[in-house]
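Observations on chain architecture
The residues making up each chain are set out below.
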Amino acid sequence: MKHDSEILKRIKSYFMRRKSADEAYEFELEAERDPFLYEALEGFESMLSSDMQQSMDELDDRLDAKIKPAFNWASMKMAATVLLTIGIGISLYFIVFNTESKVGEVANESVETKSYEPRQNELVFDTLGEISPNAYAVAEEETYKAIEDESAENGTYAANEPDLELKTTPIQKESVESESDSYAWTDTQSKKESKFKANDEDDTIIAMEEVVVSKNATSHGFVNAEPASASQDKPLRLKESSASATVTESSVDYAAENISSTEKRTGEKLEETPPKPAVGKSAFDSYVNKNIKTSEGMPRGTVSLSFELDRNGIPKKIQVTKSLCAACDAEAIRLLENGPAWEADSKKATGNVDIQFP
Amino acid sequence: MANAPTLSDEELYRAFLSTQDTKILGEIYRKNMALVFGVCMKYMGEKHEAQDATMEIFERLLTQHIKTEIKSFRAYLYVMSKNHCLMKKRGEKVIHVQITESDMELAMEVHPIDESERNEARLKTCLNELKDMQKTCVELFYLGKRSYMEISNELRVTINAVKSNIQNGKRNLKLCLEHKS
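Residues numbered from 1 in each chain as written. Chains lettered and ligands numbered in written order. Predicted model: local features only at pLDDT ≥ 70, side-chain atom pairs only at ≥ 80, totals over all residues. Heavy atoms only, no water.

At the interface, 52 residues of chain B touch 47 residues of chain A. At the boundary of chain B with chain A, total buried surface from both sides reaches about 4600 Å², with 60% on carbon and sulfur atoms. In terms of surface lost to chain A, no three residues of chain B exceed B:Arg30, B:Leu35 and B:Met55, which account for 14% of the buried area on that side. Where chain B touches chain A, the interface holds eleven salt bridges. (Contact = heavy atoms within 4.5 Å. Buried area = accessible area lost by both parts, 1.4 Å probe. Salt bridge = Lys/Arg side-chain N within 4 Å of Asp/Glu carboxyl O.)

See the structure below:
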């Protein structure tokens, strides 16, 4: 977003010397009377006005990000969509890649075994009158080589010799057929083989489905989720069962729906766990003990604080829930503010901490 | 106070204090952000550091609630920005210092020469006691109503020299006026 506050416009126009001498004087006089403006102008002196604008635009965006939590949520949704797309992309890539390499091998075999007869027939029909037996033998050899090349190149064969084009086309068709056969075969095969490789992707997909499905998922569905209800509290096992659900393929949608609804329930449970210091409770305690500044006359006891976390895990909106003394409260807030970051499962977590005064 | 900011900033700030709506504070801040950034540029000297400081000051505004009534949001913002940058610059951990009314008054104090009703007679006598260059610059600016650029061209000195001469001249003028009264 472009920052276009009145004051920036005036500052820019002053520095770009767009103003007449009188206007410039008015602005300078205003600055002489207003130390805020005066010092700001001193700061901008070293900057190009384009740089000024760019810096302010960047700041505007950062300000937007801070005042619009909804914006963050939107970007999270975006990220989820991108992740889903990438997940699908990767799994497709794996499936196709595996299939292609299989097709290469299979096509090689099938062309060598199956396509002998049609090729001979073809040559008999097409070339009997035109090609001498000698040339026939040569052509056969060349065709054979060409087929080998072709199958090695996995379909990227382009007919270099116009003579052979006719003869190889039906064979190519044949190999395409066998390719589609083998595709079907390798598809299931690679599904089995890439079952473990694709596990991650499956998880991602399931997780993404959760976003969509969980909107409709009712608690009724959750109650019905018999296979998944056993693994309520174990997301890991949950994932395993979801993976197996995709393999069995029967009533996948139903299972996924149930599973995702349970996952949502577990997700809610996780959200309720309070934030804890990212460095660990004991490390946080030792940080407090090390940095706490006490003065004489401070009473012993605890100050209880409640706070929210920003997206960086920094405590914000700190409030004293149990006061000890004004200085103690301030010190406790200082320690929390300058202390290590916290981590929580949800974005809008509210945490509590007690600071002990010795 | 000369150049008093519009009432709306203070009203909006009060609205923010009662509703805790970050959007309101965001809009007041956006209006004044260029000034904050400029001050941060002056003290931090580097663009990215100044940008970081500008955002930190906003966060402080969000979390820190002044106990006394704010007469001028702008003055409050100015003192806060300056404090924050100075502490950051010194490498100190920025702690929450409660900004008092007197801090703000001191920061936004208006020089006698900038006041609309000034005692011309006393000013004249004190002006004559200033050093040559300071006197010339102050006279040209305040009485001659010339811009820095014009004075700089006229006296063949840099704009910065003109500005510092005016600043120092004003300081000495103030001392003289206080002494005389």
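Here the focus is the environment of A:Glu343. Residue and element names in this part refer to chain A. Here glutamate 343 shows up in strand β4 (residues 342-343). On a C-alpha basis, the gap between glutamate 343 and proline 277 in space is 6.0 Å, while along the polypeptide they are 66 residues apart. Other than its neighbours up to four places away in sequence, glutamate 343 contacts Pro275, Lys276, Ala278 and Leu309. (Helix = DSSP H or I, 4+ residues; strand = E, 2+ residues; numbered from the N terminus.)

As a further point, take the confidence of the model for chain A. Residues and elements named next belong to chain A. Of all residues in chain A, 48% have pLDDT values of 70 or greater, and the mean over the chain is 65. Within chain A, helix α10 (residues 219-224) has the poorest average pLDDT of any element, 42, and helix α3 (residues 35-44) the best, 92. Low confidence marks residues 150-202, where pLDDT is under 50. Its contacts with residues over four positions away, or in another chain, come to 62 contacts. A low-confidence stretch, residues 204-271 (pLDDT under 50), is modelled with 58 contacts involving residues beyond four sequence positions or located in other chains. (pLDDT = per-residue confidence, 0-100.)

Residues and elements named next belong to chain A. Within the fold, leucine 336 resides in helix α15 (residues 326-338). The class for leucine 336 is buried, based on a relative accessible area of 0%. For the pair leucine 336 and proline 315, spaced 21 residues apart in sequence, the C-alpha separation works out to 7.0 Å. Excluding its chain neighbours within four sequence positions, the residues that come into contact with leucine 336 are Phe284, Leu305, Phe307, Pro315, Ile318, Trp342 and Val353. (Buried < 20%, exposed > 50% of the residue type's maximum accessible area, 1.4 Å probe, protein only.)

Right, let's talk about the state of the cysteines for a bit. Residue and element names in this part refer to chain B. Throughout the structure, instances matching the rule amount to one disulfide over all chains. Disulfide pairing places cysteine 126 opposite cysteine 176 at an S-S distance of 1.8 Å. Every disulfide takes its handedness from the sign of the S-S torsion; for cysteine 126 and cysteine 176 that torsion is -80 degrees, giving left-handed. Taken as a pair, cysteine 126 in helix α6 (residues 120-128) and cysteine 176 in helix α9 (residues 159-180) lie far apart in primary sequence, 50 residues in all. Of the residues examined, cysteine 176 reaches a relative accessible area of 11% and is grouped as buried. Summary of cysteine pairing: cysteine 40 is not part of a disulfide, and the nearest cysteine sulfur, belonging to cysteine 85, is at 3.2 Å. By relative accessible area, cysteine 40 is classed as buried at 0%. (Disulfide = S-S within 2.5 Å.)

This paragraph deals with the packing of aromatic side chains. Following the criterion strictly, the structure yields 16 aromatic pairs over all chains and no others. Judged by centre distance (5.4 Å) and plane angle (65 degrees), the rings of A:Tyr14 and A:Phe15 are edge-to-face. Note on B:Tyr13 and B:Tyr76: the rings are 6.0 Å apart at their centroids and 55 degrees apart in plane angle, and the pair reads as tilted. Residue B:Tyr13 is located in helix α1 (residues 7-19), and its partner B:Tyr76 is located in helix α4 (residues 73-89); the two are separated by 63 residues in the primary sequence. Taking relative accessible area as the criterion, B:Tyr13 reaches 2% and is therefore assigned buried. Since its relative accessible area comes to 1%, B:Tyr76 is described here as buried. Clustering of aromatic rings is evident, with ring pairs tying together A:Tyr25, B:Phe141, B:Tyr142 and B:Tyr148. (Phe/Tyr/Trp six-rings, centres within 6.5 Å; stacked < 30°, edge-to-face > 60°.)

Residue and element names in this part refer to chain B. Looking at the secondary structure, you find leucine 12 in helix α1. The exposure class of leucine 12 is partly exposed, given its relative accessible area of 31%. Residue contacts for leucine 12: discarding those within four places in its chain leaves Ile24 and Ile28.

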